[in-house]
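Listed below are the residues making up each chain.
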Amino acid sequence: MEKKNLCIAFSTQKGGAGKTTLTVLAASYLHYVKGYDVAVVDCDYPQYSIAEMRERDLRMATDDDYYKSLAYQQFTRLQKKMYPVVKSLPEKAPETAKALMSKGNYDIIFFDLPGTVNKEGVIYTLSLMDYIFSPISADRVVLESTLRFASRLNDNIITTGKSRVKGLYLIWNLVDGREKTELYEVYEQVIAELHLPLLKTFLPDSKRFRRELPTSHKALFRSTMFPANNALLKGSNLDTLMEEILEIIKI
């Protein structure tokens, strides 16, 4: 079956909203669990967080016999390699993706972009996405910044037909279960007035989302080499979120 090469970005202009973590979790879950072929273009210059995570994962799998064995078992069972993670400058991202596609077909290519739309090439690259998902949290500063960002994209490049973007969706992230639901109801009313679609699934505020390959061999959650551990997956809503996204992108 021909691959779609769908271009997707978890994007926001506020740091700490979870876009990089979401990109890794989505790529690993869809590639290693759901069987899709994915690639990641890391445009988050200069830190390149996902590319550095891949390097840490590779070092751990090379130096630690436990993870070396885990990797061997996984890739033997799946009969597929790790998904590629390639660095790019934001303005060069379309060319980088085109080079990736020339070497192989992918179901989805994820883009991790800088947390500011003022950097060169960010808006242009976003205009070439098929779908954009913007994580939001109930922090007023983060929320207002992201809503301005999403509204600007929606008004200037999506509803005008000047892009290939089929949809921009907001995702509640870092949801604290102790917060009153009234707060979210107020925010969701504002979101509705801006005509910005909001996904039904939310992600809780949990330390598991920051758990990478530990030297103690405890269950891991965030990795470019392995999917989130099944035990940690429960209650994370990650699997539900991925199913909702798959329903939207129809792949």
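To keep things clear, this report deals only with the structure shown in the data block. Everything numeric in this text was worked out from a predicted model, so none of it was measured. (Residues numbered from 1 in each chain as written. Predicted model: local features only at pLDDT ≥ 70, side-chain atom pairs only at ≥ 80, totals over all residues. Heavy atoms only, no water.)

## With respect to the packing of helix α1 (residues 19–33) against helix α2 (residues 49–63)
To characterise two packed helices, one gives the angle between the axes of the helices and the distance between these axes. α2 packs onto α1 with a crossing angle of 55° between their chain directions and a minimal axis gap of 10 Å. Considering the angle they form, α1 stands oblique to α2. Between α1 and α2 lies a crossing of right-handed hand. Across the interface between the two elements, Thr20, Thr23, Val24 and Tyr32 of α1 pack against Ser49, Ile50, Met53 and Arg54 of α2. Within the contact of α1 with α2, the residues separate by chemical class into four nonpolar, three polar and one charged. (Axes fitted to C-alpha atoms, helices over the stretch in contact; angles between N-to-C directions. Helix = DSSP H or I, 4+ residues; strand = E, 2+ residues; numbered from the N terminus. Parallel < 35°, antiparallel > 145°, perpendicular 65-115°, else oblique. Left-handed = near helix turned anticlockwise from the far one by under 90°. Contact = heavy atoms within 4.5 Å. Nonpolar A, V, L, I, M, F, W, Y, C, P; charged D, E, K, R; others polar.)

## Digging into the sheet that holds strand β3 (residues 85–87)
An order of β3-β2-β4-β1-β5-β6 is seen for the six strands of this open sheet, with the pairing classed as parallel. The two strands at the open ends of the sheet, each matched to only one other strand, are β3 and β6 (167–172). Sheet twist, expressed as the average angle between the axes of neighbouring strands with direction ignored, equals 25°. Strand direction decides the pairing type here: strand β1 (residues 6–10) and strand β4 (residues 108–112), joined by four bridges, are parallel. Following the sheet pairing, leucine 6 is matched in β4 by isoleucine 108. (Pairing = 2+ DSSP bridges.)

## What to know about the packing of α2 against helix α3 (residues 65–78)
Direction vectors running N to C along α2 and α3 enclose 105°, while the axes themselves pass 5 Å from each other. As summarised for this structure, α2 and α3 are arranged roughly perpendicular, according to the angle between their axes. In this structure, α2 uses Met60, Ala61, Thr62 and Asp63 to contact α3, whose residues at the interface are Asp65, Tyr67 and Lys68. A breakdown of the residues in the contact of α2 with α3 according to their chemical character gives three nonpolar, one polar and three charged.

## Details of α3
Between the first and last C-alpha of α3 there are 20 Å, a value that for 14 residues agrees with the 20 Å anticipated at 1.5 Å per step. If you follow the buried residues of α3, they end up packed against α1 and α2. Capping the start of α3 is the job of one residue whose side-chain oxygen sits 2.8 Å from the backbone nitrogen of tyrosine 66: aspartate 64. With its phi angle positive at about 55°, glutamine 79 sits one or two positions after the end of α3. (Expected span 1.5 Å × (residues − 1). Polar contact = N/O pair within 3.5 Å; in protein donor to acceptor, adjacent residues only side chain to side chain.)

## Some words on the nonpolar core
Judged by nonpolar contacts, the single largest core of 40 residues is most densely connected at Leu30, Phe110, Phe133 and Ile249. Top element by residues in this core is α1. It accounts for eight residues. Residues in contact with isoleucine 249, not counting those within four places in the same chain, are Lys4, Leu6, Ile8, Ile108, Tyr131 and Phe133. Counting 34 residues, the second-largest nonpolar core is a separate cluster that includes Leu100, Leu147, Phe149 and Ile157. (Core = buried A, V, L, I, M, F, W, Y, C linked by side-chain atoms within 4.5 Å. Buried < 20%, exposed > 50% of the residue type's maximum accessible area, 1.4 Å probe, protein only.)

## Some words on unusual backbone geometry
Looking along the chain, the bond that leaves tyrosine 45 and enters proline 46 is cis, with omega of 5°. The phi torsion at histidine 195 lies on the positive side, around 60°, for a residue other than glycine. Summarising the element assignment, histidine 195 is placed in the loop between α7 (181–193) and α8 (230–233). Judged by relative accessible area, which is 65%, histidine 195 ranks as exposed.

Note that all results are geometric; they support no functional claim without further evidence.
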